[in-house]
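Residue-level structural notes
Each chain is listed here by its residues.
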Amino acid sequence: MNDTCDKLVIFLAKRDGIDKLVKTFQYVSKLVNWHVETTQPDLAKRFKQWEVASGLSRKAFRTGRFLTGFNALRRNPGSTNTLRLLAVLSNAGEMVYFFFDHFLWLSRIGTIDANLAKRMSYISAFGESVGYVFFIITDFIMLREGIKAERKLKSSKEESKSDEELEKGIQKIKGDRIMRLMAVAANVADLIIALAEIEPNPFCNHTVTLGISGLVSAWAGWYRNWPS
């Protein structure tokens, strides 16, 4: 059995693992900067620099990430026509997000025209939000199917299945349900962050809203990627 240190090493060896750690840094520093900006300007500046550096680092880590969506469609598009359509829409949105995020990163570090940053950010956030909407819909459909499957197992009278087999089946469904709920929480949180870029408004663009949303997304990602 792996101990906590072993699991942490495995977690941080994953690209998604290190991304969630740096995302935690990014949004904790954002909240700290907001909290101390009027009382301790020097400290606020340091945390602002940490936030910006973390955000840029995450974009560098995600180089080539747009291929993940393409590969998901190529390997496992879904078991029904509805799920296949949702997979195309959600992964296409995510691919747009990660692809244009490359150009956003390059513009922000000065490799390409810095004036492109705003446009690249909008396109990236728009694709991101479209992807999240359809990922959320997919997860709710799968959650509903999981509930139906669990009820069917509980009411099963098949003599060929032992109590142990039934229990394992139910536990598997419950485990999948928790992971999907974590995915929904992360996607809703990230959708709020994307909407703040697409259509700025007092709620989504408030530092507390962005900070909490970022941490919810990061910590849901920690849970999903943490080795069992």
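What you are looking at is a predicted structure, and each value in this text was computed from that prediction instead of being measured.

Definitions and cut-offs
- Positions within a chain are numbered from 1, following the residues in the order the chain's sequence is written.
- Where local features are concerned, this predicted model is filtered to residues with pLDDT of at least 70; where side-chain atom pairs are given and counted, the filter is 80 or more; whole-chain, interface and lining totals use all residues.
- The side-chain values count all of the structure's non-hydrogen atoms but skip hydrogen atoms and water molecules.
- For helices the rule is a DSSP run of H or I covering at least 4 residues; for strands it is a run of E covering at least 2, with both sets numbered from the N terminus onward.
- Partly exposed residues are those whose accessible area sits between 20% and 50% of the maximum for their type, while under 20% is buried and over 50% is exposed, using a 1.4 Å probe and protein chains only.
- All accessibility values rest on the Shrake-Rupley procedure with a 1.4 Å probe; residue burial counts only the protein chains present in the view.
- Under the convention used here, Asp and Glu are negative, Lys and Arg are positive, and both His and the chain ends fall outside the count.
- Charge positions are represented by NZ for Lys, CZ for Arg, CG for Asp and CD for Glu.
- Buried Ala, Val, Leu, Ile, Met, Phe, Trp, Tyr and Cys residues that are joined via side-chain atoms within 4.5 Å together make up what is termed a nonpolar core.
- Here a Phe, Tyr or Trp ring, Trp counted by its six-membered ring, pairs with any other such ring whose centre lies within 6.5 Å, and the pair is stacked when the planes are under 30 degrees apart, edge-to-face when over 60, and tilted otherwise.
- We define a salt bridge as a side-chain nitrogen of Lys or Arg found within 4 Å of a carboxyl oxygen belonging to Asp or Glu.
- UniProt positions are given in the numbering used here, feature names are shortened, and annotations may be inferred rather than shown by experiment.
- As used in this structure description, the phrase polar contact means that two N or O atoms lie within 3.5 Å; if the pair is within protein, one of them must be able to donate a hydrogen and the other to accept it, and residues adjacent in sequence are counted only when both atoms belong to side chains.
- It only takes one pair of heavy atoms within 4.5 Å for two residues to be counted as in contact.

Considerations on the overall build of the protein chain
Of regular secondary structure, the protein chain possesses 8 helices and 0 strands. Helices and strands in the protein chain line up, N terminus first, as α-α-α-α-α-α-α-α. Structurally, the protein chain occupies a C-alpha span of about 70 × 40 × 35 Å along its principal axes. Residues classed as buried in the protein chain amount to 37% of the 228 residues present. A total of about 13600 Å² of accessible surface is found on the protein chain, and carbon and sulfur atoms cover 62% of it. On the protein chain, the mean spot of the 32 positive side-chain charges and the mean spot of the 24 negative ones are 3 Å from each other.

Digging into the nonpolar core
Counting residues in each nonpolar core, the largest one holds 6 residues, listed as Tyr27, Ile193, Ala196, Cys204, Leu210 and Leu215. For this core, the secondary-structure elements that each account for two or more residues are helix H7 (163-198) and helix H8 (207-225). Residues Tyr97, Phe98, Tyr132 and Ile136 belong to the second largest nonpolar core, which totals 5 residues.

Re the packing of aromatic side chains
Summed over the entire model, instances satisfying the criterion amount to 11 aromatic pairs. Judged by centre distance (5.5 Å) and plane angle (85°), the ring pair of phenylalanine 99 and phenylalanine 100 falls under edge-to-face. Look at phenylalanine 100 and you get partly exposed, because its relative accessible area is 23%. Taking the centre distance of 6.2 Å and the plane angle of 25° together, the rings of tryptophan 222 and tryptophan 226 count as stacked.

What to know about the pattern of salt bridges
Tallied over the full model, the rule gives 14 salt bridges. Close ionic contact of glutamate 197 with lysine 118 constitutes a salt bridge, the shortest N to O distance being 3.4 Å. Taken together, the positions of glutamate 197 in helix H7 and lysine 118 in helix H6 (residues 117-154) put the pair 79 residues apart, joining distant regions of the chain. Across the salt bridge formed by arginine 180 and aspartate 176, the nearest N and O atoms sit 3.2 Å from each other. Of the two residues, arginine 180 and aspartate 176 both sit in helix H7, 4 residues apart, roughly one turn of that helix. Through salt bridges with shared partners, one network takes in Asp19, Lys20, Arg58, Lys59, Arg62 and Asp101.

Considerations on the UniProt feature "transmembrane region" (unreviewed entry) in the protein chain
UniProt tags residues 83-100 and 120-143 as "transmembrane region" (unreviewed entry). The span residues 83-100 is 100% helical and 0% strand by assignment, and the distance between its end C-alpha atoms comes to 26 Å. Secondary structure within residues 120-143 divides into 100% helix and 0% strand; the distance between the first and last C-alpha atoms comes to 34 Å.

What about the side chain of arginine 65?
With respect to the element layout, arginine 65 can be found in the loop between helix H3 (41-61) and helix H4 (66-75). Arginine 65 gets classed as buried once you look at its relative accessible area, which sits at 16%. Side chain to side chain, arginine 65 and aspartate 16 meet in a polar contact 3.0 Å long. Excluding anything up to four places from it in sequence, arginine 65 contacts Arg15, Asp16, Phe98 and His102.

Concerning the side chain of serine 124
Tracing the backbone shows serine 124 in helix H6. In terms of polar contacts, serine 124 uses its side chain to reach the backbone carbonyl oxygen of tyrosine 97, at 3.0 Å. When neighbours within four sequence positions are excluded, serine 124 is seen to be in contact with Tyr97, Phe100 and Asp101.

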